[in-house]
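Chain residues, written in single-letter form:
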Amino acid sequence: MAKLPGPLEIYPLLPGTNCKDCGEANCMAFATKMAEHTVKLKACTPLFDEAKYAKKLEKLEELVRPPVREVVIGVGERAASIGGKLVLYRHDLRWSNPTAFFLDVPDTLDADGMAARVKSIEEWTYVYIGTNLRLDGIALRGVSQDPKTFATAAKKLAELIDWPIMLCSLDPKMLAAAAKSIADKRPLLYAATLETWAEVGELAAKHDLPLVAYAPGSLDNLSSLVSTLRAIGVEEIVLDPGTASRTGLGNTVDDLTQLRRSSIIEDNELIGYPILGTPIAVWADHKKDEAPELTKWDEVLTASAQIVRYADILVLHSIDMWTNLPLTFLRSNLYTDPVKPVAVEPGLMEFGDVGPDSPVMYTTNFALTYFTVESDIKQAGVNAYLLVVDTEGMSVQSAVAGRKLTAERVAETLEEYKVADKVKHKILISPGMAARISGETEEVSGWTLKVGPRDSSGIPKYLQEGRWKEE
Amino acid sequence: MTTDKERTTSLDDLFGDFAELVLENVTIELDELKLGLRPMVQQMAKAAVRPALEMPKSLIPASFKPPLGEYPQAIQEITLGATKGQGGTRGNTVTIGGHTAPAWDLFQSPPKRPPIIAADVFDMPISLAKMVKMHYKEVLDDPAEWAKLVVDKYGADAVTLHLISTDRQLGDTSPNDAAKVIEEVLQAVKVPILIGSAGDPEKDGPVLAKAAEVCEGERTLLCSATVDVYEEIAIAAKKHDQIVLSWTSIDINDQKELNRRLFEWITPEQIVIDPTTAALGYGLEYAFTIMQRMRLAGLLGDKELCFPISSGTTNAWAAREAWMKNPELGPRELRGPIWESVTALALLLAGNDLFMMMHPAAIKTVHDLVDWMKEKQKIKPDEYPDWTTLTIPEGA
């Protein structure tokens, strides 16, 4: 694997003034965090602002350049940074820059149609572990095959939304027209091919825009295309080895894996760029009289395989909750920090106006479990105690099976947080998934156990029925 | 030695207003100035040459070398089930593992034995997500019929019979009762049978020991030995030549430890490992990463981890997004099975070999995925569609 620089290699290239502008105590501390990839070089503002550091900056940028370069699409707060990958496996280091999801808009839509489509992309969201899952960009497709229509649509799109845009057409004239109209938005151009590299390469170089190199079915061809585009002066390149779905999925997975493994493990600098996947390509196989759900199903599978296998940006068509929830969840899961246990602090939580008659429930300290239960209790608007038991960050089901959630541990937690002093009953509501240990817990703790719902979405109804109080 | 004025003039000539601006700060030493200016000059120069591109006359050829790795150890190959000729009663056997490269690195070597699916069958009616239950409601109280259904209609490669009624809290049926159910299921289908215990620490040992005895000659998989309950199961597996599922809880060191203990009784040909599957959105990444690490460790020579991997993929249904009735989330008829499918797909790519699953659409999907990925196809460049001009039906 490519060597990642250590703090002692980074430190001599920093200003050495300990100015603290970056928020760290001194330059050494910043160097250490750089080596751990917990801060970005950009935070050292003097390096960029002061001319005298230009040489250091140049060397430092070369030193810390990740084996997969970072490419920025769009401008402003919503700009999408893709690539910048340092490792092949997430167990080596947290994956950076989660796969960006670009949703398609055809240039043939009328004004209302485009506004509606853009709105649905912009507003797609779901709350997951306290954050809003969202989509990232728009891929404008040149369905019209008319440069003027395409350019007008690009302009309209840029007025509608400040999200990053990808201009998609294999016709250089189309790209030239649209790129000219929104070059200041830094769109990603799709694509230069073995046939069009000269015209499209020149276009990207002229406007200094990121460009996709598209050479399906041959990594030799893709390598040649990249080396040619580099010679023209294109600096920000994205690789598209082609997305084949269904029976071709093995090829797709294989191509993406070869590219990423070659750049990170074998230091193949030539193809050290972000990778694009186009699950939208499954719509080419869609048959008119067939239910669109079947094609959507294939799109989810293709996209999922590419999220797992190193795609940095995807072009998608489907925007249903049932298609995009699994995709955004999968992305979120794979890009979490593998070393940090996803756990919350154990303790006794209070919801609403609790008193001596309030119900007491318990759950585990796995963050996902906790936040789900918390949100369900809050939604119910009830007054209740929630005892959070330390299960080393495991969910109820896994913790029971793995003996991390035991009668003894529940009893100890009841004691530790003096729950008996807070309420005048001795009834503890157990998660439905922990029913197995409820009998034992009664014996060990002396509390009466009531088995609650198997999923916390049932808590409001369960508490409302009030049966937990019955003898 | 030139004078300061001359220097200023010469720089001025070179850079015009730009240099003047910099030179306003008179305290800058000349060397520093040069140092500071050089990269900027380079940048300006680069910008200046940009319009006059040196256009290559033709494509500059480059080649790509497949990034082959070195993997000194193969993953153990394990055969489940035994035919009449092999001392059992199964119509066929299934073999998993044997890999010599990371999962699905087709450029290095395709999977030696493509992954398989064992459908879950329970020995008593249990609570299931509605979208799962609807496919099993006719057979919920008949494990033999249930087994036939998953094999004949849903295409399962094997059947996992979960003896949950042996749980002290779910009926406390005896090992002998369990033996009868096992025999019924063995009669009902010809595919290999896997036996699952209830997860009751008191009962699992005796129940699986009895199952090992009843399945003499069948090469069944006893699910599961854990760090708490393993000895009785390992002894029975040794005595009756069965295979053991070594099940741990998302901890690679526990997995190694348990396997070491199992080695006291059984051979490497008798172990399948399961690091626990968590649902998509609810900890899937732990299962994913630990499977990937185990497969790599096995390939790189770790004798305690070079085993085929199993996943309780049905756990995907623990995610409320899979089963909850909520119109805003779209039809759960699709949401549920896609949840199980995507959970499986992630683990398939991590290197899982044996999937224990339930929803028929998810079972079919995983079979399709394995089929689509098991070897490289010849796809010509012009067979890749131009999706930029596709007309996609409105509303789709």
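Since the model is a prediction, treat every value here as computed from it, not as a measurement.

Details of helix H9 (residues 219-232) of chain A
Residue and element names in this part refer to chain A.
Here comes step 1: Here H9 spans 20 Å end to end across 14 residues, near enough to the 20 Å set by a 1.5 Å rise per residue.
Here comes step 2: For H9, the tally of buried residues reaches 10 of 14 residues, placing the bulk of the element in the interior.
Here comes step 3: Among the structural elements, strand S8 (188-192), helix H8 (197-207), strand S9 (211-214), strand S10 (237-240) and helix H10 (249-265) are those in contact with the buried residues of H9.
Here comes step 4: Positive phi shows up at Gly 233, right after H9, with a value of about 115°.

Let's talk about the packing of aromatic side chains
Here comes step 1: Counted under the stated rule, the structure contains 14 aromatic pairs over all chains.
Here comes step 2: Ring geometry for Tyr 190 of chain A versus Tyr 214 of chain A: centroids 5.7 Å apart, planes at 35°, classification tilted. Taken together, the residues Tyr 190 of chain A in strand S8 and Tyr 214 of chain A in strand S9 connect sequence positions 24 residues apart.
Here comes step 3: Here the aromatic residues Tyr 126, Tyr 128 and Phe 329 of chain A together with Trp 339 of chain B are joined through ring pairs into a cluster of three or more.
Here comes step 4: Above the face of the Tyr 273 of chain A ring, Arg 69 of chain A is positioned so that its terminal group lies 4.5 Å from the ring centre.

A word on the confidence of the model for chain B
Residue and element names in this part refer to chain B.
Here comes step 1: Overall, the predicted model of chain B reaches an average pLDDT of 89, with 87% of residues at or above 70.
Here comes step 2: The low-confidence segment residues 1-37 (pLDDT under 50) makes 26 contacts with residues lying over four places distant or belonging to another chain.
Here comes step 3: Per the prediction output, this complex has pTM 0.87; the corresponding ipTM is 0.88.

A short note on unusual backbone geometry
Here comes step 1: Residues Tyr 190 of chain A and Ala 191 of chain A are joined by a peptide bond in cis, for which omega reads 5°.
Here comes step 2: Mapped onto the elements, Ala 191 of chain A comes out in strand S8.
Here comes step 3: Following Cys 223 of chain B, the chain continues into Ser 224 of chain B via a peptide bond in cis, with omega recorded as 5°.
Here comes step 4: On the secondary structure map, Ser 224 of chain B appears in strand S6 (residues 221-225).
Here comes step 5: A positive phi angle, near 45°, is found at Asn 97 of chain A, a position not held by glycine.
Here comes step 6: Structurally, Asn 97 of chain A is set in the loop between strand S2 (80-83) and strand S3 (100-106).
Here comes step 7: Judged by relative accessible area, which is 15%, Asn 97 of chain A ranks as buried.
Here comes step 8: Even without being glycine, Arg 219 of chain B reaches a positive phi, approximately 50°.
Here comes step 9: Secondary-structure assignment places Arg 219 of chain B in the loop between helix H7 (204-214) and S6.

Things to note about the interface of chain A and chain B
Here comes step 1: Listed per partner, the contact involves 108 residues of chain A and 95 residues of chain B.
Here comes step 2: In this assembly, chain A packs against chain B so that about 8700 Å² is buried in total across both faces, 64% of it on carbon and sulfur atoms.
Here comes step 3: The largest share of the area that chain A buries against chain B comes from Trp 297, Trp 322 and Arg 436 of chain A, three residues that together contribute 8% of it.
Here comes step 4: The tally of links from chain A across to chain B stands at 9 salt bridges.
Here comes step 5: Lys 65 of chain B is the partner of Glu 266 of chain A in a salt bridge, and the nearest nitrogen-oxygen pair spans 3.5 Å.
Here comes step 6: Linking chain A with chain B are 29 residue pairs in polar contact (both at pLDDT 80 or more), by the criterion used here.
Here comes step 7: In terms of residue count, the dominant contributor to the side of chain A that touches chain B is H10 of chain A (11 residues).
Here comes step 8: Class assignment of the residues belonging to the side of chain A that touches chain B gives a composition of 52 nonpolar, 31 polar and 25 charged.

The rules behind the values
Residue indices begin from 1 for each chain and proceed along its sequence in written order. Here chains are named by letter from A upward and ligands by number from 1 upward, in the order in which they appear as written. This being a predicted model, a pLDDT of at least 70 is required before a residue's local features are given, and a value of 80 or more before pairs of side-chain atoms are given or counted; all residues contribute to the totals for chains, interfaces and linings. Side-chain numbers come from the whole structure's heavy atoms, not from hydrogens or water. Only DSSP runs of H or I reaching four residues or more are called helices, and only runs of E reaching two or more are called strands; each is numbered from the N terminus. A helix is expected to span 1.5 Å for every residue after the first. Residue exposure (1.4 Å probe, protein chains only): buried if accessible area is under 20% of the type maximum, exposed if over 50%, otherwise partly exposed. Whether two residues touch is decided by their heavy atoms; if any such pair falls within 4.5 Å, the residues are in contact. The aromatic pairing rule takes the rings of Phe, Tyr and Trp, using the six-membered ring of Trp, and pairs them if the centres are within 6.5 Å, calling planes under 30 degrees apart stacked, those over 60 edge-to-face and the rest tilted. For a Lys NZ or an Arg CZ to count as sitting over a ring, it must be within 6 Å of the ring centre and within 35 degrees of the ring normal. Per residue, pLDDT captures the predictor's confidence, and it can take any value from 0 to 100. Buried area is calculated as the accessible area (1.4 Å probe) missing from two parts once they are joined, with the contributions of both summed. Basic side-chain nitrogens of Lys or Arg form a salt bridge, by our definition, when they fall within 4 Å of a carboxyl oxygen of Asp or Glu. Whenever a nitrogen or oxygen atom comes within 3.5 Å of another N or O atom, the pair is scored as a polar contact, on the condition that within protein one atom can donate a hydrogen and the other can accept it, and that pairs from neighbouring residues in sequence are kept only if both atoms are in side chains. Lys, Arg, Asp and Glu make up the charged group, whereas Ala, Val, Leu, Ile, Met, Phe, Trp, Tyr, Cys and Pro make up the nonpolar group; the residues left over, Gly among them, are polar.

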